[in-house]
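Topology and contacts: notes
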Amino acid sequence: MPVLEVNNLETIFATGAGVVQAVSDVSFTLDKEESLGLAGESGCGKSTTAMSIMKLIRPPGRIADGKVLFEGEDLVPKTEAEMRHIRGKKISMVFQGVSNALNPVFKLGDQLAEAVLNHERISKDEALKRAQDILDLVGIDRSRINNYPHEFSGGMKQRIMIATALICNPNVVIADEPTTALDVISQGQVLKLIDDLQSKLGLSLLLITHDLSVIGEVCDKLAIMYAGKIAEYGEVATVLESPLHPYSEALVHAFPPLKGAKRRLESIPGSPPILINPPSGCRFHPRCPHAMDVCRTEDPRLTEVKGRKVSCHLYPAK
Amino acid sequence: MFSEIGRKFKQSTKSDRVLVSVGLVLVVGVILLGVFASYVSPHGPYDMGENRLAPPSGQNLLGTDYLGRDILSRIAYGTRISLLVAALAASVSLVLGAGLGLFSGYFGGHLDRVIGLMMDALYSFPVIVLAIMMAVMLGPGVTNTAIGVGIALTPSYYRVTRSLVLSVKERGFIEGVRAIGAGDLYTMGHHILPNCLPSLAVLASFNMAEGIISVAGLGFIGLGVQQPTPEWGADLKIGRDVLAYGAWWVSLFPGLMILVMVLGVNMLSEGANALFKLGVRRR
Amino acid sequence: MHVIPGDPIRAMLGPKATEEMVSMMRHQLGLDRPLLTQYFDYLFNLLHGDLGNSITTRRPVTYEIALHFPITLQLTLGGIIIAAILGIYSGVISALKENKLADHAARIYAFFVYSLPVFWLGLMFQIVFGKMLGVLPIYGTLDPFIDRPPFITGMVVVDSLITGNLPAFFNSLEHMILPWLTIGLLLSATISRIARANMIEALGEDYVVGARAKGTPESVVTYKHALRNALLPVVTVIGLQFALLLGGALLTEYVYSLNGMGSLLISAIYDRDFPLTQGIVVVFSLLVALVSLSIDIVYAFLDPRIKY
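Cut-off values and rules
Residues numbered from 1 in each chain as written. Chains lettered and ligands numbered in written order. Predicted model: local features only at pLDDT ≥ 70, side-chain atom pairs only at ≥ 80, totals over all residues. Helix = DSSP H or I, 4+ residues; strand = E, 2+ residues; numbered from the N terminus. Buried ≥ 20, exposed ≤ 12 C-beta atoms within 10 Å, placed from the backbone. Contact = placed C-beta atoms within 7 Å. Pairing = 2+ DSSP bridges. Nonpolar A, V, L, I, M, F, W, Y, C, P; charged D, E, K, R; others polar. Expected span 1.5 Å × (residues − 1). Arc of directions from axis to C-beta. pLDDT = per-residue confidence, 0-100. Axes fitted to C-alpha atoms, helices over the stretch in contact; angles between N-to-C directions. Parallel < 35°, antiparallel > 145°, perpendicular 65-115°, else oblique. Left-handed = near helix turned anticlockwise from the far one by under 90°. Right-handed = clockwise from strand over helix to strand, strands pointing away. Core = buried A, V, L, I, M, F, W, Y, C linked by C-beta atoms within 7 Å.

So, about the overall build of chain B. In terms of helices and strands, chain B carries 11 helices and 0 strands. Secondary structure elements in chain B, listed N-terminal to C-terminal, are α-α-α-α-α-α-α-α-α-α-α. A total of 283 residues make up chain B; the buried ones form 50% of that total. In chain B, once contacts between residues fewer than 6 apart in sequence are set aside, the share between residues at least 24 apart is 72%.

Written as structure tokens, this is what we have:
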């Protein structure tokens, strides 16, 4: 049984300007000790998907439909009190290091200890010791538990975020753009850390990023999202080497190859749709070079094609 | 200009609209009361009667004070006095403050620093203390109170005007205007001042509230408007004096008038501030 | 450094007494000397802690002020505490129930309270609780028949507690309830507003989501994580509002006949006691300056991001 299974997830935001269809009919699975990369442009719904899994969506947003099965149990109908026991302990989230996810007025040790004390009845001292142990694991000096968040660099804060997520030995870790705001050197270090920890601790990882190269390095599977829907989903090698969905293809070609012949960076003309009134039919059709008549009227469904799943009318369901 | 006001009104949030509307109603209501005081008052404000310290009744809707004067009449006519003094005070502080702010911001240099220092010192002072000091120097009475409170409220106008002048200077067109031969006074009056007016107007209404309370406060202590002139604060002093007799009506109604007026002005200025997005700070 | 306003010095030159008294007084106080000399003399004395002598009591001004200052302190401190409790509580509730009924009610309430004249509020409290209901005393700091505690801090509430004089302690508390409430309500309106705005902002910050993602209970997220951040600017606000607070304290003292600096100032003015008046004004301005300075320090102390 997969450790995490998302089925037809739909998350909406009821704003003054209209209902934003942030996540529509998103489905994927994450097996034990597997790592899945969720990729796409800003605003495509990948972070919202992650927040929906953790049930951290607050009004005016809500999960409108679908199931989120964690170890077989659906999380969607669970209450806040029940989710409390899951967050941080069974499923945890790694935020961007440069975000304000660490409270600036509390010391590092206290914040790490809080993560433990939320779930285990141990003494404060024991919790602080656990905090120091986890800092060792991510490569930060133990003695810094009395420092404040603003005293750390971006890369170090990212490691702290990883430490916070791991301190209770969760089964699933969701990493939201863990390397995005870092310089290249720190990026490499953090990626290596994530990769090592994942194999060492046997974690299942959901990695969210817009950077396909990151996914290429760390992940087993890849799901590409566009405008709140899944465009293509399958093994990393399969999708990256021969992308089928026109958006995946364009995305892959937008990244310069580190090796091999130099080629022109191609950007995708146009911009993603505003999800209040998404375009009829396939949401990518206004920007798609292969758009056909049917694309304007019918929304394609995820279909199994050549060893992965694609939602595109070029590959119609049988 | 009115069409723009109308447009801004439609674009605002509900709470801002409520603020401005209710505030306007209250303020206009009070002003009307003052204007039509003679129609509303069954007696004259100075008319003493036999019926001393009488509770509210058919004859005296709001009761009488220790001289038998009708409270309703006193607060209705008191409206005129309070509004007059507050408006005078507002004008004094506006002219002084904006004037000083204009000169200070425009010329800069030593003048700016000296005036700024003085204003800073005044600004950090409790208004009531300043007002009391002014009252001591100038003496009691209607005009003196107005001048005193006006001077006490000057610093905030000074600050706002000065910063507006500085931001206008920053925009650079002052050089352009000077280059075509405009004199200093003309530049200040014709070009800079109009930019300041909306913010100053809002500040004026914020300060009206403070002015009204300060005037009433001085009257309450006995340093402001003197008896027998009807003024809400001075009448509250009487209320305090007759506290022992349990004559609550003498204290309640004048104070209620102050509250209604100040509430109205505050609501109006808050609403207008938000509506026109002027970001004027309240003190 | 703070500038002492020149005005009270000019006030000395315009007394409304008879000509003879005036010239005699002037000469006695050395006022017929050139203005500049007087000013420097005054400053010189000031730096030595000498504010001259009160005309009415013939005692040093500093002595008179020291005698009355603690009561003002007692009033202000109590007022700040009540204002903080009321203001923060209503501000937080408002923020949590943003745009719902409780929020609107709290904001209207705060607006209303802000527009109340403090002296009228005091007067009304006196009428309702003192005269009509007769449950609370409305004048002075202590009933005359109670044993007065010795002057240790000068704050009757504190002194009676320290010396174990429980009847005086409770009696003085009774006397302070209404004044504290009067001045506290006034300040609470502003605090409520700021607390609300800051709390709403804090609740939208990333660390709130981060805390939830760790499995932190919602109440802890609100009251530990968000509130702690929201409260920092409130401290600054109290400092900025200090002038307002002093003004309110002055009027409150007058209303409740508390013998603090405010009452002293008013009686000094009525008695045309210029040295005393001036001295009190000087002390007031020093206080305001001191508080402004300390607020910055206190804030730096509370916010770990600031190093000083």
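With that settled, the discussion passes to the overall build of chain C. From N to C terminus, chain C includes 13 helices and 0 strands. Each helix (α) and strand (β) of chain C, taken in turn from the N terminus, gives the series α-α-α-α-α-α-α-α-α-α-α-α-α. Here chain C, with 308 residues, has 44% of them falling under the buried criterion. Partitioning the intrachain contacts of chain C with sequence separation of at least 6 by distance along the chain shows that 70% fall at a separation of at least 24.

The next subject is the sheet that holds strand 4 (residues 61-70) of chain A. Residues and elements named next belong to chain A. The 4 strands lie next to each other as 2-1-4-5, forming an open sheet whose pairing is antiparallel. Because the sheet does not close on itself, it has two edges, and the strands there are strand 2 (18-30) and strand 5 (73-74). Across 2 bridges, the pairing between strand 4 and strand 5 is antiparallel. In the strand pairing of strand 5, Phe70 is matched with Glu73.

When the parts come together, some accessible area is lost, and that loss is often what is quoted as the size of the interface. Taken together, the contact between chain C and chain B spans 35 residues of the former and 32 residues of the latter. Breaking the side of chain C that touches chain B down by element, the ones donating at least two residues are helix 1 (7-12), helix 5 (101-114), helix 6 (118-132), helix 11 (242-256), helix 12 (261-270) and helix 13 (274-302) of chain C. Here the residues of the side of chain C that touches chain B sort into 25 nonpolar, 7 polar and 3 charged.

On to unusual backbone geometry. Residue and element names in this part refer to chain A. Cis geometry marks the peptide bond from Pro59 to Pro60, where omega comes out at 10°. Of note in the backbone geometry, Glu33 takes a positive phi value of approximately 60° without being a glycine. Among the secondary structure elements, Glu33 is positioned in the loop between strand 2 and strand 3 (35-39). One non-glycine residue, Lys306, lies in the positive phi region at around 45°. Looking at the element boundaries, Lys306 is found in the loop between strand 11 (303-305) and strand 12 (308-310). What makes Lys306 exposed here is the crowd of 11 C-beta atoms within 10 Å.

Each partner contributes residues to the interface: chain A has 25 residues there, and chain C has 18 residues. The set of elements that each furnish at least two residues to the side of chain A that touches chain C consists of helix 2 (80-86), strand 6 (91-94) and helix 3 (108-117) of chain A. Top element by residues in the side of chain A that touches chain C is helix 2 of chain A. It accounts for 3 residues. The residue makeup of the side of chain A that touches chain C, split by class, is 10 nonpolar, 10 polar and 5 charged.

So, on to the environment of Ala291 of chain A. Along the chain, Ala291 of chain A turns up in the loop between helix 9 (246-254) and helix 10 (293-297). C-alpha of Ala291 of chain A to C-alpha of Val98 of chain A: the two residues are 193 residues apart in sequence and 39 Å apart in space.

For helix 5 of chain C, which comprises 14 residues, the first-to-last C-alpha distance of 20 Å matches the rise-based estimate of 20 Å (1.5 Å per residue) to within 8%. Within helix 5 of chain C, burial applies to Ala106, Ala110 and Tyr114 of chain C. All buried residues of helix 5 of chain C lie within an arc of 70° about the axis, which places them on one face of the element. Tucked inside the fold, the buried residues of helix 5 of chain C contact helix 11 (248-275) of chain B together with helix 4 (61-96) and helix 8 (166-203) of chain C.

With that out of the way, let us pick up the confidence of the model for chain C. Residues and elements named next belong to chain C. Scored by pLDDT, chain C has a mean of 80; 82% of the residues are at 70 or more. Taken element by element, chain C is modelled with least confidence in helix 1, mean pLDDT 39, and with most confidence in helix 9 (residues 206-213), mean pLDDT 90. Residue range residues 1-19 is modelled with pLDDT below 50. Its contacts to residues more than four positions away, or to other chains, number 31 contacts. Prediction confidence for the complex, expressed as pTM and ipTM, is 0.79 and 0.83 respectively.

Detailed reading of predicted coordinates is not advised where the pLDDT is low. Confidence in the prediction of chain B, expressed as mean pLDDT, is 80, and 90% of residues score 70 or more. No element of chain B has a lower mean pLDDT than helix 1 (residues 2-11) of chain B, which averages 64, and none a higher one than helix 10 (residues 232-241) of chain B, which averages 88.

Glancing now at the packing of helix 4 (residues 71-107) of chain B against helix 5 (residues 109-123) of chain B. Residue and element names in this part refer to chain B. For the pair helix 4 and helix 5, the least separation of the axes is 7 Å and the interaxial angle reads 140°. Classed by the angle they form, the pair helix 4 and helix 5 counts as oblique. For the element pair helix 4 and helix 5, the recorded crossing hand is left-handed. Along the contact surface, helix 4 presents Leu100, Phe103, Ser104 and Phe107, while helix 5 presents Gly109, Leu111, Asp112, Ile115 and Gly116.

This brings us to the pairing of strand 8 (residues 204-209) of chain A. Sheet faces and side chains relate simply in a regular strand, where the side chains alternate between the two faces. Residues and elements named next belong to chain A. With 6 of its 6 residues buried, strand 8 lies for the most part within the structure. On strand 8, burial covers both faces: Ser204, Leu206 and Ile208 on one face and Leu205, Leu207 and Thr209 on the other are all buried. Bridge count between strand 3 and strand 8: 5 bridges; the pairing is parallel. The partner of Gly37 across the bridge, within strand 8, is Leu207. In the sheet, strand 7 (residues 172-176) pairs with strand 8 via 5 bridges, with the strands oriented parallel. What sits directly across from Ala175, in strand 8, is Leu207. On the question of chirality, the crossover connecting strand 7 to the parallel strand 8 by way of helix 6 (residues 184-201) is right-handed.

With that out of the way, let us pick up the sheet that holds strand 7 of chain A. Residue and element names in this part refer to chain A. An order of 6-7-8-3-9-10-12-11 is seen for the 8 strands of this open sheet, with the pairing classed as mixed. Both outer strands of the open sheet, strand 6 and strand 11, are each paired with one neighbouring strand and no more. Neighbour-to-neighbour, the strand axes of this sheet turn through a mean angle of 20°, independent of strand direction. Where strand 3 meets strand 9 (residues 221-226), 4 bridges bridge the pair, whose relative direction is parallel. Across the sheet, Leu36 pairs through a bridge with Lys221, a residue of strand 9. Helix 5 (residues 154-166) rests against strand 6 and strand 7 of the sheet, and its axis sits at about 175° to strand 6.

Where burial is concerned, most of strand 3 of chain A is hidden: 5 out of the 5 residues are buried. Covered by surrounding structure in strand 3 of chain A are Ser35, Gly37 and Ala39 of chain A together with Leu36 and Leu38 of chain A, the residues of both alternating faces.

Residues and elements named next belong to chain B. Axis separation between helix 10 and helix 11 bottoms out at 8 Å; the angle between their running directions is 155°. Our classification of the angle between helix 10 and helix 11 gives roughly antiparallel. Where helix 10 crosses over helix 11, the two elements pack in a sense that is left-handed. Contacts between helix 10 and helix 11 involve Trp232, Asp235, Leu236, Ile238, Gly239 and Arg240 from the former and Val250, Ser251, Pro254, Gly255, Met257 and Ile258 from the latter. The residue inventory of the contact of helix 10 with helix 11, partitioned by class, reads 7 nonpolar, 3 polar and 2 charged.

On to the nonpolar core. Membership of the largest hydrophobic core comes to 251 residues, with the highest contact counts inside it found for Ile174 and Leu206 of chain A together with Ala131 and Ile212 of chain B. In terms of residue count, the dominant contributor to this core is helix 4 of chain B (18 residues).

Turning next to helix 13 of chain C. Taking 1.5 Å per residue, 29 residues should reach 42 Å; helix 13 of chain C reaches 41 Å between its end C-alpha atoms and fits that length. The set of residues buried in helix 13 of chain C consists of Phe274, Pro275, Leu276, Thr277, Gln278, Gly279, Ile280, Val281, Phe284, Ser285 and Val288 of chain C.

Residue and element names in this part refer to chain B. One can find Gly224 in the loop between helix 9 (184-221) and helix 10. Put simply, Gly224 and Arg74 are 150 residues apart on the chain and 17 Å apart in space, counted from C-alpha to C-alpha. Setting aside chain neighbours within four positions, we find Gly224 in contact with Ala135, Pro140, Thr145, Val215, Leu218, Gly219, Gly233 and Ala234.

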